[in-house]
Amino acid sequence: MGEFFFNIDHGYLEGLIRGFKSGLLTTTDYANLVQCETLEDLKLHVQSTDYGNFLANEPGNITVQVIDERLKEKLVTEFTHLRNNSLEPLSTFLDYITYSYMIDNIILLITGTLHQRPINELISKCHPLGSFEQMEAIHIANTPAELYNAVLVDTPLAPYFVDCINEQDLDEMNVEIIRNTLYKAYIEDFYKFCEKLGGKTAEVMCEILAFEADRRAIIITINSFDTELAKDDRQKLYPTCGKLYPEGLNGLARADDYDQVKQVCEYYAEYKALFEGSGVNPGEKTLEDKFFEYEVKLNVQAYLHQFHFGVFYAFIKLKEQEMRNIIWIAECIAQRHRSKIENYIPIV
Amino acid sequence: MCLTQLFLQNEAAYACVAELGELGLVQFRDLNPDVSAFQRKYVKEVRRCDEMERKLRFLEKEIKKDSIPMLDTYENPEAPQPREMFDLEATFEKLENELREVNQNEEMLKKNFAELTELKHILRKTQQFFEEVEYERRRFGRGRGVSISQDTSDDQQPLLGDYSVAQSRMKLGFVAGVIQRERLPAFERLLWRACRGNVFLRQSEITEPLTDASTGAPVNKAVFIIFFQGDQLKTRVKKICEGFRATLYPCPDTPQERREMSIGVMTRIEDLKTVLGQTQDHRHRVLVAAAKNVRMWMTKVRKIKAIYHVLNFFNLDVTQKCLIAECWCPVTELDRIQLALKRGSEESGSTVPSILNRMDTSEAPPTYNKSNKFTQGFQNIVDSYGIAAYREINPAPYTMITFPFLFAIMFGDLGHGTIMLLAGLFLVLQEKRLEAARIKDEIFQMFFTGRYMIFLMGCFSVYTGFIYNDAFSKSFNLFGSSWGNIFPFPLDEKAREQAITNLGGLEASPMLIPEKAYSGEPYPIGVDPIWVLAEANKLNFLNSMKMKAAILVGIAQMTFGIILGYHNFKYFNSKLDILYTFIPQIIFLSCIFIYLCLQVIMKWIAYDAAGGYSVLGYFYPSSNCAPSLLIGLINMFMMKSRDDGFVDGNKYCNTSIPPGKPGGCNMVGLCHLNNWYPGQHLVETILLVIAIVSVPVMLFAKPYFLYRRYRHKTVHYRDLNDDDVPIVLNGDGGGVSGSYPVRTNILQRTLATC
């Protein structure tokens, strides 16, 4: 039923987002970008796409960092426009999208302060989509409990943080655990929210979020080998809204090496294919890239349905991927490392 | 239009393209569409232009920031020579550097200034805070002096008094600083949370907005002072301040020092102000000088960029000596183009002339509609519906009259029309000045480009207003109404009653009976002014009259459009279109609408006010009982069989019984003739059937025949293929043949019909 009245509230924004989506770089654009010899060439070519003259007012030689900043700026402008024009429940949905960036920012700031970096330098590295008022005061906290009580209690992330309150000092291991606990709580909450919205939104978003959850579980498992993370603790970090839940996650919890992970995933058609095509040898794509490709596929598929919020999430994710691609290509050009320039994730 | 090839000497190419650009008559084709933007020949020059443009934009921004008026000479500078580019580049470079330097200085000074102002405010506010405390203490101290003697308990002592006592006991530290006002609530909250309520914060808003040093935007700030105890809290507070981008300033402890510092700050602020003023003066001078030229520079740079952009379209020939360009140009203007090329070659001093070569092509040329300032507005309107294909009739010239006229039919009012006419006239007469003013406003631009249209619409509105006899909804009696008053002036009661009885006892609704009141001669031109006085049926009459006029003009316009279409089809020799588009269209139109128009005209001509005679074999008793067009049209579509005679109200009555008798008609009110002419029902049924039949022909016939022709062709190709090409290719051919866009075609036609 929701579809009938969708356009009353969200029709404009859906139209807008589909327009934005069709402005994503095409395969020919990438083919042209890859041929660029210098960053100036890249700038010239990007100017002929939807990005327009977003680099035109940069004096002097441009650097990869400048490109990155401008790209983010453009995304934020678009997102802010969407957010400002949105109505409930879309506005909450859009807020949910920003939470993941907030988590990243918090973790970045904590690790930065652990390494005694000046806060201003760290702030400039934060993703602008996930900035919030109290962000810059994070470095006063020494323990997770303090972090919660002093800083995070006013942010929307507070409910996610409840599970990691303890009086241990913040160290690198701890920070990683906080990140994953936060993410787990966030994804599960987002999943529940989408389920509550129902309709096509639930259909599309649950698929994407389930994949996101599984990807996190698998990556956590693989990264935890040879670290001091206990298996019990590891299992606590798995988001439980994916397709791997519950059998797959149990399997992952018991896994001791990469092959066992692979074995667990054999039972899931989608993931089996990803594992089979990946490897670390030259010419093969890494598992991470495979995951990215699959994510892009899911996000592009979101556009096959109409009247749902998934397109907004998918756009942000696709745009993020595109930005990663452009930065990758720009880095390759800047560092004269052309052999790997083709390793971007095409968005088709 | 013809496709031409240009051979330009390398050195002359720039000047030639510049000349052609000024002429604006050719459309260049991109000869290297596969080469990406950064691999083209003149990409370096384009990039330099980009850079220059950026510098100019920067200059413009700075000029706007200082709100210096930019001089616009409205002249059109010639495209500068390529060598001039270096000069321009150098000038811009110098200007930019100078400006940046000044800006940097200014920013630093401003930052300094802002800091000092903040410090000034801090000193002033903290002074207040401390003074308050001092005052309170003194007051309560005096109070306490009394209270001691009265031996009252401690709770009468004020909190701040406590604090002052506490201060004497232990060392309380404090920091003072400035923070953005909107961050204050969160700052306060976090401070309280992080320090568990062990700090004391006083804040006060700085009333005047301070300017942000880097952006120049005004920001509202607030002064705060935080009291705390111990070093641990101090670091923590400092960290939070840093997190919220609050700037902390040193603030001396004693009032004496504070006052001294405050004086020092004031003098430094004064010094800074003079320096800042000088810097700003310098900046202003630089910008004023730049503002004179910036517009012209912009035009120049854009011209250079456009020229190089076009040059990138060109091919190099094998000898690398000359560039080859292809362009579309109107045949009639070839001479002017040749001339421009010659000028270009001469200017560049090249010995070999540029060659213009006409080429044969099977491609459809682009449409070129020559227009001038009068026709441009109309052409724009036509183009917004779609640009005619090459060599199709351009409907814009007809639109110049029909559009304003159709507008006037709807807007017919002499008064309003005059206002519009005057507005249009003003725009037309002032056009040079308005054009020079370069008003960027979109709405105004819309009116300005349509100024001739507005003028014409005004003219026609005046005319139709005159015909409708309508000025601000008032009419004027120029020639004397042809209707007279049939009611006698009340001589005496009896005579009047008698007269009214003679008129048929209509005292309830006084009404001019056409048979008696109409003089027989119509009003010479337009609507009779008497209609304004009609209360009951003024709208009935005027609406019906205007509606009918509108239908006539509208259908005429549609027919005209279809006939224009016919000329297009004939020109392109498209039998298919004539047979399956034009003919069914015109049949459809004539069966329903032209038939209706004929009825309208018939009704106007054949049925007059008096009545009492036969029309086309049917008796027409009086003006009450003319045939009804609307009901007639409905009946036509319903294919309702009906008898001859009248419909009177809801009742049907026969003509054979004379009016007045039982069963006869009294022919007042809603009475109308059922049939116009013998056999009307049959004729209308036939017309309707023909019209309905022509609809599917109109929609589906042409796509179907095209599809059949297309299939024939592909089958044909396939036969050929079979003979000499391997089968693998065959599959490809078949695959393509299936993709003929029948559905799109049908959709297009449906849309066109609607």
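Being a predicted model, the structure only gives us computed values, none of them experimental. (Residues numbered from 1 in each chain as written. Chains lettered and ligands numbered in written order. Predicted model: local features only at pLDDT ≥ 70, side-chain atom pairs only at ≥ 80, totals over all residues. Heavy atoms only, no water.)

K.L.:
How would you summarise the UniProt feature "transmembrane region" (unreviewed entry) in chain B if you had to cite specific residues and measurements?
P.N.:
Residue and element names in this part refer to chain B. In the numbering used here, UniProt assigns the "transmembrane region" (unreviewed entry) feature to residues 405-429, 450-468, 549-566, 578-602 and 682-701. Overall, residues 450-468 shows 95% helix and 0% strand. The separation of its end C-alpha atoms is 26 Å. Helix makes up 100% of residues 549-566 and strand makes up 0%, while its end C-alpha atoms are separated by 26 Å. (UniProt positions renumbered as here; feature names shortened; annotations may be inferred. Helix = DSSP H or I, 4+ residues; strand = E, 2+ residues; numbered from the N terminus.)

K.L.:
Any chance you could break down the sheet that holds strand E3 (residues 173-180) of chain B for me, citing the residues and the numbers?
P.N.:
All names here are of chain B. As summarised here, the arrangement of the four strands in space is E4-E7-E3-E8, forming an open sheet in which the pairing is antiparallel. Pairing within the sheet leaves two strands with one partner each, and these edge strands are strand E4 (200-205) and strand E8 (247-249). Strand-to-strand twist in this sheet, taken as the mean axis angle between neighbours without regard to direction, amounts to 25°. Examined bridge by bridge, E4 and strand E7 (residues 221-228) share six bridges and lie antiparallel to one another. Its bridge partner being in E7, Glu 205 is matched across the sheet by Ala 222. In this fold helix H6 (residues 231-243) packs onto E3, E7 and E8, with an angle of close to 165° to the strand it touches most, E7. (Pairing = 2+ DSSP bridges. Axes fitted to C-alpha atoms, helices over the stretch in contact; angles between N-to-C directions. Contact = heavy atoms within 4.5 Å.)

K.L.:
Tell me about the pattern of salt bridges, and please be specific about residues and values.
P.N.:
All told, the structure shown has 51 salt bridges over all chains when counted by the stated rule. For Arg189(B), the salt bridge is made with Asp154(A), and the minimal N-O distance between the two is 3.0 Å. A residue pair is termed interchain when its members come from two chains, as with Arg189(B) in helix H5 (residues 184-194) and Asp154(A) in the loop between helix H7 (144-151) and helix H8 (158-161). Classification of Arg189(B) by relative accessible area gives partly exposed; the value is 38%. (Salt bridge = Lys/Arg side-chain N within 4 Å of Asp/Glu carboxyl O. Buried < 20%, exposed > 50% of the residue type's maximum accessible area, 1.4 Å probe, protein only.)

K.L.:
Report on the pairing of E7(B), specifying residues and quantitative values.
P.N.:
Residue and element names in this part refer to chain B. The element E7 is extensively covered by neighbouring structure, given that eight of its eight residues are classed as buried. Residues Lys 221, Val 223, Ile 225 and Phe 227 of E7 are buried on one face, and the alternating residues Ala 222, Phe 224, Ile 226 and Phe 228, pointing to the opposite face, are buried as well. As paired strands, E3 and E7 are joined by eight bridges and run antiparallel to one another. Its bridge partner lying in E7, Ala 176 is registered against Ile 225.

K.L.:
Please set out a nonpolar patch on the surface residue by residue, giving values where relevant.
P.N.:
Taken together, Leu630(B), Ile631(B), Ile634(B) and Met638(B) make up a surface patch of nonpolar side chains, about 420 Å² in accessible area. For Met638(B), the position within the fold is in helix H19 (residues 629-638). (Patch = residues over 30% accessible without salt bridge, like charges linked within 9 Å, V, L, I, M, F, W, Y side chains within 5 Å. Areas by Shrake-Rupley, 256 points an atom, 1.4 Å probe, with all protein chains shown as cover.)

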